[in-house]
Amino acid sequence: MVGELEFERPVIELRKKIMELREFTKSTDMDLTSEIEKLEERLEKLEKDIYDNLKPWDRVQIARHPNRPTTLDYIAILFEDFFECHGDRTYGDDEAIVGGISSFQGLPVTVIGHQRGKDTKENIRRNFGMPHPEGYRKALRLMKQADKFNRPIICFIDTKGAYPGKAAEERGQSEAIAKNLVEMAGLRVPVICIVIGEGGSGGALALGVGNYIHMLENSTYSVISPEGAASILWRDASKAKVAAEAMKITAPDLKHFGIIDEIIPEIRGGAHKDVQKQAAEIEKVLKESLQSLLQLSSEELIDNRYQKFRAIGKYSIINDTIGVK
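Residues numbered from 1 in each chain as written. Predicted model: local features only at pLDDT ≥ 70, side-chain atom pairs only at ≥ 80, totals over all residues. Heavy atoms only, no water.

A.B. asks: What's the story with the overall build of the protein in this structure? I'm lost.
C.D. replies: Each helix and strand in the protein was counted, giving 14 helices and 10 strands. Whereas a compact globule of 325 residues would reach a radius of gyration of roughly 20 Å, the protein reaches 22 Å, a difference of no more than 12%. Principal-axis analysis of the C-alpha atoms gives the protein an extent of 70 × 55 × 40 Å. Counting contacts in the protein only where the partners sit at least 6 residues apart, residues at least 24 apart contribute 70% of the total. (Helix = DSSP H or I, 4+ residues; strand = E, 2+ residues; numbered from the N terminus. Rg over C-alpha atoms; globule rule 2.2 N^0.38 Å. Contact = heavy atoms within 4.5 Å.)

A.B. asks: What should I look at first to understand the environment of Asn53 in this one?
C.D. replies: When you line up the elements, Asn53 lands in the loop between helix H2 (33-51) and helix H3 (56-63). A C-alpha to C-alpha distance of 42 Å links Asn53 and Glu299, two positions 246 residues apart in sequence.

A.B. asks: Would you mind showing me how to read helix H10 (residues 226-233) here?
C.D. replies: Because an α-helix completes one turn every 3.6 residues, residues spaced three or four positions apart along the sequence face the same direction. By the burial criterion, the buried members of H10 are Pro226, Gly228, Ala229 and Ala230. Looking at the packing, one finds that the buried side of H10 touches H3 and helix H11 (240-247). Arg235 lies just past H10 and shows a positive phi near 55 degrees. (Buried < 20%, exposed > 50% of the residue type's maximum accessible area, 1.4 Å probe, protein only.)

A.B. asks: What is the right way to look at unusual backbone geometry in this model?
C.D. replies: In the Ramachandran plot, Asp81 falls in the positive-phi region, its phi being about 55 degrees despite a non-glycine side chain. Relative accessible area serves as the criterion here: at 70%, Asp81 is assigned to the exposed category. Unlike most non-glycine residues, Asn150 shows phi in positive territory, near 60 degrees. Mapped onto the elements, Asn150 comes out in the loop between helix H6 (133-148) and strand E4 (153-159).

A.B. asks: Could you clarify how one ought to interpret the pairing of strand E6 (residues 212-216) in this entry?
C.D. replies: As a general feature of sheets, a regular strand has side chains that alternate between the two faces. Most of E6 sits out of view: four of its five residues are buried. The pairing of strand E5 (residues 191-200) with E6 spans four bridges and is parallel. For Ile194, the partnering residue across the bridge sits in E6 and is His214. Pairing of E6 with strand E8 (residues 262-264), which is carried by three bridges, proceeds in the parallel orientation. Looking at the pairing, Leu216 lines up with Ile264 of E8. (Pairing = 2+ DSSP bridges.)

A.B. asks: Is there a simple way to explain a nonpolar patch on the surface in this structure?
C.D. replies: Taken together, the side chains of Ile232, Leu233, Trp234 and Val242 present a nonpolar region at the surface, about 410 Å² in accessible area. Here Val242 shows up in helix H11. On the basis of relative accessibility, which here comes to 47%, the residue Val242 falls in the partly exposed class. (Patch = residues over 30% accessible without salt bridge, like charges linked within 9 Å, V, L, I, M, F, W, Y side chains within 5 Å. Areas by Shrake-Rupley, 256 points an atom, 1.4 Å probe, with all protein chains shown as cover. Salt bridge = Lys/Arg side-chain N within 4 Å of Asp/Glu carboxyl O.)

A.B. asks: I tried to follow the pairing of E4 on my own but got confused; where do I start?
C.D. replies: With seven of seven residues buried, E4 is to be regarded as a mostly interior element. Burial along E4 is two-sided: the face carrying Ile153, Cys155, Ile157 and Thr159 and the face carrying Ile154, Phe156 and Asp158 are both buried. Of the pairings in the sheet, the one linking strand E3 (residues 107-114) to E4 comprises four bridges and is parallel in character. In the sheet register, Val111 faces E4, and the bridge partner there is Ile154.

A.B. asks: Can you walk me through the pattern of salt bridges in this structure?
C.D. replies: A side chain of one charge can pair with a side chain of the opposite charge if their charged atoms are brought near each other. Tallied over the entire structure, the rule returns 24 salt bridges. Lys241 is paired through a salt bridge with Glu6; the nearest N and O atoms lie 3.4 Å apart. Here Lys241, found in helix H11, pairs with Glu6, found in the segment before helix H1 (9-27); they are 235 residues apart in sequence, far enough to count as distant. A salt bridge links Arg171 to Glu134, with the shortest nitrogen-to-oxygen separation between them at 2.9 Å. Here Arg171, found in the loop between helix H7 (166-170) and helix H8 (173-185), pairs with Glu134, found in helix H6; they are 37 residues apart in sequence, far enough to count as distant. Take Arg171: its relative accessible area is 21%, and that puts it in the partly exposed class. For Glu134, a relative accessible area of 6% gives the class buried. Taken together, the salt bridges that share partners define one network made up of Arg64, Lys160, Glu198 and Glu227.

By themselves, these are just geometric observations and shouldn't be taken as functional.
Dropping the structure here:
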């Protein structure tokens with residue numbers, strides 16, 4: 001079954017059994033209502049047991065689900081009159097990053113985000129959501145425009161990482177990411193970042209220097225993929241599950257370490273189960289965050305951003321040497 005996740009198989013099989021019984025009762029005179037009700041109660045308990053106790057690797061699978069809502073899905077629901085802008089005015093237009101001008105509940109904003117495809121053809125066109133340097137330069141151009149016209153910036157993060165190919169490196173991939181980090185730190189307008197899927201390495205961080213960083217409950221945010229970490233640590237990518245556990249890449253772990261500000265609750269089973277309801281949860285957090293940040297001056301916004309990232313991590317001074325914890 002397309003989109004079937006490994007840990008969901010018991011739930012899917014039980015749902016299938018319930019549907020078969022319902023179809024059977026329609027085609028016969030047998031009354032199986034009590035049996036169906038018992039199975040539905042069992043299904044409810046099974047779903048609670050599974051979805052309320054997700055392991056890190058389970059969340060990785062949900063974050064990578066082929067039907068997981070993308071940046072454009074949320075833009076269509078949350079924002080009005082979205083006008084997409086294209087190109088970096090240097091090389092070309094990278095469709096792995098989308099961005100433009102819109103309004104959120106009447107407030108003019110700039111929205112930027114990574115964009116995956118919904119099928120093979122679109123994934124190829126959008127390079128599977130892995131931006132080239134021109135994508136980051138496009139994003140920076142839109143950020144500077146927002147800064148000039150005093151529009152808050154909302155970034156949706158959803159990428160395995162920046163594209164590591166030869167052409168991207170030749171066009172300045174590392175420099176483009178580094179420049180975004182520097183420029184975002186000094187923006188004079190509110191910046192809100194939301195991890196909606198995978199947040200991978202510098203490719204994610206290039207849109208992630210914000211006053212607030214929020215994450216959907218089943219998203220991930222890390223310096224490297226679990227497979228990549230397993231290949232480096234144990235020279236065995238099949239140990240990705242172990243790596244996911246050790247890396248602390250899920251929203252609850254990152255919230256605990258102070259790397260993100262708020263966990264946005266997800267629909268049971270993942271955002272792909274009900275995009276409209278998931279968008280409503282994001283809308284609540286966006287509204288609260290904007291109300292808070294719009295009260296700050298430009299200098300306060302910059303200082304807020306600086307203090308936020310300065311506070312991440314812990315260190316101690318022992319015998320005049322710094323030991324990082």
